[in-house]
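Take a look at the letters that make up each chain.
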Amino acid sequence: MPKLERTYKGAMRRYQLQLLLFSLIYWNLVIRFAIFMRMLGARDDHMADMLSKGMNFLVDEIVSSSVVISVFAALSWFTLNMLYPRMVRNFKMRRLAVGVVLLDIVIFLIISVLLGIVHYGVSQDLSLAESVSHLPRFLFNSTILFFLIVLFIGGYVYQLLNTLLHQVGYAPLGKIMMGYYQKPREEDLIFMFLDLQSSTTVAEKLGHKKYSYFIQDCFKCVSNSLLATRGRVYQFVGDEVVISWDAKKPTCYKGAVDFYYLYEKALNKRRDYFEREYGMVPVFTASLNVGKVMAAEVGEIKRELAFHGDVLNTAARIQKQCKRYRKRILVTREFAVRLIKNTKEYKIEYVDLVKFFGKKKSIKIYEVHKVEDN
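First, a word on scope: everything that follows refers to the structure included in this document. Quick caveat: nothing in here was measured; it's all calculated off a predicted structure.

With that settled, consider the overall build of the protein. A count of helices and strands for the protein gives 16 helices and 8 strands. Residue burial in the protein is summarised as follows: out of 374 residues, 43% are buried. At a minimum sequence separation of 6, the contacts of the protein that also span at least 24 residues come to 69%. Carbon and sulfur atoms form 60% of the exposed surface of the protein, whose accessible area is close to 21,800 Å².

A word on the packing of aromatic side chains. Evaluated as defined, the whole model comprises 28 aromatic pairs. Measuring from centroid to centroid gives 5.6 Å for Tyr 350 and Tyr 366, while their planes differ by 70°, and the two rings are edge-to-face. Of this pair, Tyr 350 sits in strand S7 (residues 346-354) while Tyr 366 is found in strand S8 (residues 363-370), placing the two residues 16 residues apart along the sequence. Given the relative accessible area of 44%, Tyr 350 is considered partly exposed. The buried category is assigned to Tyr 366, whose relative accessible area is 12%.

Moving on to helix H12 (residues 222-229). For H12, every residue scored as buried is listed here: Val 222, Ser 225, Leu 226, Ala 228 and Thr 229. Down the axis of H12, the sector holding all buried residues measures 165°, keeping them to one side. Arg 230 sits one or two positions beyond H12 and adopts a positive phi of about 60°.

A surface patch of nonpolar side chains, amounting to about 760 Å² of accessible area, comprises Leu 96, Val 98, Leu 102, Leu 145, Ile 149, Phe 152, Ile 153, Tyr 156 and Val 157. Among the secondary structure elements, those contributing two or more residues to the nonpolar patch are helix H5 (97-123) and helix H8 (142-168). Looking at which element gives the most residues to the nonpolar patch, the answer is H8, with 6 residues.

The phi angle of most residues is negative, glycine excepted, and most peptide bonds adopt the trans form. Backbone geometry places Arg 230, a non-glycine residue, at a positive phi of 60°. Counting through the fold element by element, Arg 230 comes out in the loop between H12 and strand S2 (232-237). Here Arg 230 falls in the exposed class, since its relative accessible area comes to 63%. The backbone phi angle of Arg 326 is positive, close to 55°, even though this residue is not glycine. The exposed category is assigned to Arg 326, whose relative accessible area is 79%.

Glancing now at a positive patch on the surface. On the surface, Arg 13, Arg 14, Arg 230 and Lys 249 cluster together into a positively charged patch. Its place among the elements puts Lys 249 in the loop between strand S3 (240-246) and helix H13 (251-269). Assessed through its relative accessible area of 44%, Lys 249 is described here as partly exposed.

With 30 residues, helix H4 (residues 62-91) ought to run about 44 Å at 1.5 Å a step, and its terminal C-alpha atoms sit 41 Å apart, in line with that. Of all the bends in H4, the greatest measures close to 45° and is centred on Thr 79.

With respect to the secondary-structure elements, Asn 289 resides in strand S4 (residues 284-298). Side-chain polar atoms of Asn 289 contact the side chain of Thr 332, separated by 2.7 Å. Among all residues touching Asn 289, those that are not within four sequence positions of it are Leu 189, Ile 190, Phe 191, Val 311, Thr 314, Ala 315, Thr 332, Glu 334 and Phe 335.

With that settled, the discussion passes to the packing of helix H11 (residues 208-220) against helix H14 (residues 271-278). Close contact between H11 and H14 brings their axes to 11 Å; oriented N to C, the two are set at 175°. Of the possible angle classes, the one that applies to H11 and H14 is roughly antiparallel. Taken together, the residues of H14 that come into contact with H11 (itself represented by Lys 210, Tyr 213, Phe 214, Asp 217 and Cys 218) are Tyr 273, Phe 274, Glu 277 and Tyr 278. Counted by class, the contact of H11 with H14 contains 6 nonpolar, no polar and 3 charged residues.

What follows deals with the packing of H12 against H13. Packing of H12 against H13 leaves a shortest axis separation of 9 Å and a crossing angle of 155°. Considering their axes alone, H12 and H13 lie roughly antiparallel with respect to each other. Seen along the crossing, H12 lies across H13 with a hand that is right-handed. The segment H12 lies against H13, with Val 222, Ser 225, Leu 226, Ala 228 and Thr 229 engaging Gly 255, Asp 258, Phe 259, Leu 262 and Tyr 263. Considering only residue class, the contact of H12 with H13 consists of 6 nonpolar, 3 polar and 1 charged.

Quick notes on the rules
Residues numbered from 1 in each chain as written. Predicted model: local features only at pLDDT ≥ 70, side-chain atom pairs only at ≥ 80, totals over all residues. Heavy atoms only, no water. Helix = DSSP H or I, 4+ residues; strand = E, 2+ residues; numbered from the N terminus. Buried < 20%, exposed > 50% of the residue type's maximum accessible area, 1.4 Å probe, protein only. Contact = heavy atoms within 4.5 Å. Areas by Shrake-Rupley, 256 points an atom, 1.4 Å probe, with all protein chains shown as cover. Phe/Tyr/Trp six-rings, centres within 6.5 Å; stacked < 30°, edge-to-face > 60°. Arc of directions from axis to C-beta. Patch = residues over 30% accessible without salt bridge, like charges linked within 9 Å, V, L, I, M, F, W, Y side chains within 5 Å. Salt bridge = Lys/Arg side-chain N within 4 Å of Asp/Glu carboxyl O. Lys, Arg positive; Asp, Glu negative; His and termini not counted. Charge placed at Lys NZ, Arg CZ, Asp CG, Glu CD. Expected span 1.5 Å × (residues − 1). Bend = angle between axes of the 7 residues up to and from the residue. Polar contact = N/O pair within 3.5 Å; in protein donor to acceptor, adjacent residues only side chain to side chain. Axes fitted to C-alpha atoms, helices over the stretch in contact; angles between N-to-C directions. Parallel < 35°, antiparallel > 145°, perpendicular 65-115°, else oblique. Nonpolar A, V, L, I, M, F, W, Y, C, P; charged D, E, K, R; others polar. Left-handed = near helix turned anticlockwise from the far one by under 90°.

Rendered as C-alpha cells:
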C-alpha cells in the first residue's frame, strides 16, 4: 500500500527527534545545575559570593558550555536509541541500564580528553605531544570525579524517564504525575484488540520457549505503526495487545484502521525471517470499538492506569468473532459510523447481528475494507 506508507512516512524519524529534543533539554538542565553547584565556591565563602560565582559562570560561558553539553546529549541519545540496541541485537547481550550509563561515561571521558587537548593547545600554546602529557592532571581531579557521579545518577534517572515515556506516553505521564487519575475520569477512546490467529496451534507447534521468542518478535513490529498513527499500548496480554487512540481527534479513526494494515505490512516485510526462524508467518486479527470509558489508577504496591467500561468488553468479544466469520478486522456500528464520517479511504460491510452472553442488546458488527481493495 504505497499511498498508506507515504502518509505515515517519517513518523519514526519525528519520534526520534522528539527523543533527541528531550535528551538535549534533560542533559542541559542536569549538567548546568551540576556546574552551578560545583562553581558555588568554598565552604567558608559567603552565600552572596557563592551565588555570584555560579551565576557568572553560567552567563559568561553559556555558549561554549551549551555546545559541549548538547554534543554529549546528542551522543547519549544516539547511544541509547541506536548504538546500544544494535549491540544487544548483534551480540545477543542482555539489555542492562548500567550498560548505557557506562557508554555515557566513556563518551564523557572522550569529550574531556578532547577538551583537555584544546585547553593546553590553545590556552597555553603547547604542542599536541605536550598537551597529551598534561592530560592526567586535567582528567584525574575532584571535578572530573564529581561529574562522573552526576553522569552515573543522571543516566539512571534519564533511562527511568525514558522507560516511563515509552510505557505511558507524554500526556498520560504528566497527568499521572499530577495525580489526575487518582479519581476515576471519563474519557472518550478508541480501543483495538489485536490477537494472534490460531495461537493455541502455534504454541503447540513451537513449544512454550520458542513461542515466547515468536511473540516477542511479533510485537517488535508494532512500534513503528503505533508511532505513525499516534496510538498507545494499553496492555499486552499473552499473545494479544490492546491499543487505544483519542476518539476526540477525527484523524484517529482512520489512524486506528491504518495501524492494522501498517502492522500487517511490517510483519510481511519480515516474512523471510519468520519462515526461517519459526516456519510460519504470523497472522493477526483485530476488533475496534469506540465510546466512553473510565480511567483510573489502580493498585497500591503495583500501580497502573486501568480502563473500565462496556466498550472494552464488547471489543474483546467481537475480536473472538474474527475466527467465526473468517474476517481480519471487525468493528462495531459506533466505530463504523464515525470512521465513514471522517474518511473516504475505507468502506464498511455488514457482517451480522450478534448476541453476546450477559448482554441484553445484540451487537451489529461490520468488516472494514480499503476502497482500493475491491
